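# Residue-level structural notes
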Amino acid sequence: MSDHKGFTSSFGAIAAAVGSAVGLGNIWRFPYICGQYGGGAFLLVYLCFVFGIGMMLMITEFVIGRHTGKTPVKAYEAMSPKHRGWRYAGLLGMVACFLILSLYLVISGWTANYVFDSARGALTGLDGDALERYFNVFSRSAVRPVLFIAVFLLLVALVIMGGVQKGIERVSKILMPVLVVLLLILCVRSATLPGAAKGFEYLFSVDFSKLTSEGVLAALGQSLFSLSVGMGTMIVYGSYIPKDDNLLRTSVWITVCDTLIAVLAGVAIFPAVFANGLSPDGGPGLVFKVLPVVFNSMNPAEGVPVGTVFAVVFFVLLVIAALTSAISLLETLVAWRSEEKPHHRVRYTVILSLGVFVLATVLSLSNGVLDGKIVGKFNLFDLADHINSVYLPPIGALLTVVFLGWVANKNDIKDELSNHGSIAIPWYGIFIFIIRYVAPVALLMVLVTGIISGIEN
Ligand code: PHE
């Protein structure tokens, strides 16, 4: 049905999906929330969620996508023609993609700026206070962040215009291995610094007293975000997966890679932070304000500024991670709009890119010139971030599992998972049990708690 426009190989499919999954969520967000909620204890809970629920959601989205060969809105309809209302679940995913992409672009633009400024030495030699000031001035200014959003988005759009095979698949097959190599270089450097052991302790020692119920919910939310599920992205990528690929095996690969890369990002960051006697709880600013201090401390008084080289390597890594994730978000939107008119792919890429660019610009300006001027005392950026992390992904995920678990035809699911009976699926019963009962209850809990804490604050 969709084979001609899909990925050409299993490796290509896995590389593209890993590209979507591995993003700012792994390298920017995971390390700091892991540290915040008790390191090893958080990691254990996270592992349970990522394999027990997140991966099941990924399989769910792959089944819907590959079975129908369609994008979310139409896929729900095609899978259950009698229940037309489900297409609104698909539509909600599209709204979520648009919003997340806009936010994602703002932070991706920052990372692109940091590549540029570390490479030209603008950050070299600055101390902690100066770096903090640098970040604040930069992120609140009107022009520079927007310029970098534009540059980054242009790269994303060009890949999408290249198409699924010649754009997305090809770029992912090159960039993912590069990302792993860069990350390993940083890990080796960080882990061998004197005093690094404390960082490992922080990341891996299991201290359940720091793991609050908030931490448990954060682990579930993070597992969804990190695997790119709940927004229909994996439905679209699922529709590109070769028909004879084993969906379980593909999903296990993606989940393992995504989780390993998140943990490695922690290894690249915390030992180096501790080795420099810096505070690990820098929160969202950890990467932009604290890490540059670490890199500067690696620069010798004379000779090659190795610290600056490591800084460039790190921010390039972050740009690559963000790029392939942003590609999957824009692809979801473009695939949806151009579903019936594939020859208009370029046109829709341009239109949608302009749309997200406008929203990303407003979000970026809301950190500076527009601060507090849009929704009363709220900063629009924080508001969008809140909606985006607390409501949309869990709602989307909940609808997806309820649809497959309770609405869709079981024979269709079995057929898709077993490649029409050609592979055994002894785990089918567990899968159905999880998506019918376990996942909906867990997702409802995240949602309700998120809403309550949102009201309280
Ligand atoms: N998984 C990506 C990350 O970890 C974010 C993402 C979410 C990408 C949803 C696509 C869809 O950063």
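Going by the structure above, here's the rest.
Residues numbered from 1 in each chain as written. Predicted model: local features only at pLDDT ≥ 70, side-chain atom pairs only at ≥ 80, totals over all residues. Heavy atoms only, no water.

## Comments concerning the site of the ligand
Around the ligand lies a shell of 15 residues, among which Ala21, Gly25, Tyr104, Phe225 and Ser228 are the nearest. Within the contact set of the ligand, an oxygen atom lies 2.9 Å away from a backbone nitrogen or oxygen of Ala21. One of the backbone nitrogen or oxygen atoms of Leu24 is found 3.2 Å away from an oxygen atom of the ligand. For the ligand, the accessible surface in isolation is 330 Å², of which the surrounding protein chains cover 100%. Elements with a contribution of two residues or more to the shell around the ligand: α1 (10–21), α2 (24–36), α10 (213–226) and α14 (306–337). Partitioned by chemical class, the residues of the shell around the ligand number six nonpolar, nine polar and no charged. (Near = heavy atom within 4 Å. Polar contact = N/O pair within 3.5 Å; in protein donor to acceptor, adjacent residues only side chain to side chain. Areas by Shrake-Rupley, 256 points an atom, 1.4 Å probe, with all protein chains shown as cover. Helix = DSSP H or I, 4+ residues; strand = E, 2+ residues; numbered from the N terminus. Nonpolar A, V, L, I, M, F, W, Y, C, P; charged D, E, K, R; others polar.)

## Concerning the pattern of salt bridges
Evaluation of the coordinates by the stated rule reveals nine salt bridges. Where Glu169 meets Lys173, a salt bridge forms, and the shortest distance between an N and an O atom there is 3.6 Å. One end of the pair, Glu169, and the other, Lys173, are both in helix α8 (residues 164–191), four residues apart, so they sit about a helical turn from each other. Taking relative accessible area as the criterion, Glu169 reaches 2% and is therefore assigned buried. A relative accessible area of 31% places Lys173 in the partly exposed class. Salt bridges sharing common partners tie together Glu77, Arg84 and Arg87. (Salt bridge = Lys/Arg side-chain N within 4 Å of Asp/Glu carboxyl O. Buried < 20%, exposed > 50% of the residue type's maximum accessible area, 1.4 Å probe, protein only.)

## Some thoughts on a nonpolar patch on the surface
On the surface, Leu154, Leu158, Met161, Val346, Val350 and Leu354 cluster together into a nonpolar patch covering about 530 Å² of accessible area. Inspection of the secondary structure puts Leu154 in helix α7 (residues 144–162). Taking the relative accessible area as the measure of exposure, Leu154 reaches 55% and is therefore exposed. (Patch = residues over 30% accessible without salt bridge, like charges linked within 9 Å, V, L, I, M, F, W, Y side chains within 5 Å.)

## Quick notes on the packing of aromatic side chains
All chains considered together, the criterion is met by 30 aromatic pairs. Each ring, one from Phe42 and one from Tyr46, has its centre 6.2 Å from the other, and the planes form 15 degrees; the classification is stacked. With Phe42 and Tyr46 both in helix α3 (residues 40–68) and four residues apart, this pair spans about one turn of that helix. The buried category is assigned to Phe42, whose relative accessible area is 0%. Taking 6.3 Å as the distance between ring centres and 10 degrees as the angle between the ring planes, the aromatic pair formed by Tyr134 and Phe138 counts as stacked. With a gap of four residues between them, Tyr134 and Phe138 both fall in helix α6 (residues 128–140), about one helical turn apart. Just as Tyr134 is buried, Phe138 falls in that class too. A connected cluster of aromatic rings, assembled from ring pairs, spans Trp110, Tyr114, Tyr134, Phe135, Phe138, Phe288, Phe295, Phe314, Phe315 and Phe381. Over the face of the ring belonging to Trp336 we find Arg337, whose NZ or CZ atom lies 4.7 Å from the ring centre. A cation over a ring is seen here: Arg436 above Trp406, with NZ or CZ 4.0 Å from the ring centre. (Phe/Tyr/Trp six-rings, centres within 6.5 Å; stacked < 30°, edge-to-face > 60°. Lys NZ or Arg CZ within 6 Å of the ring centre and 35° of its normal.)

## A short note on α6
Since the α-helix turns once every 3.6 residues, residues separated by three or four places project in the same direction. The end-to-end C-alpha distance of α6 is 18 Å, a good match for the 18 Å that 13 residues give at a rise of 1.5 Å each. If you check which residues of α6 are buried, you get Ala130, Leu131, Tyr134, Phe135, Phe138 and Ser139. Buried residues of α6, viewed axially, fall in a sector of 150 degrees; they line one side. Exposed and oriented more than 90 degrees from the buried face of α6 are Asp129, Arg133 and Val137. Packed against the buried residues of α6 are α5 (87–119), α7, α13 (286–297) and α15 (345–365). (Expected span 1.5 Å × (residues − 1). Arc of directions from axis to C-beta. Contact = heavy atoms within 4.5 Å.)

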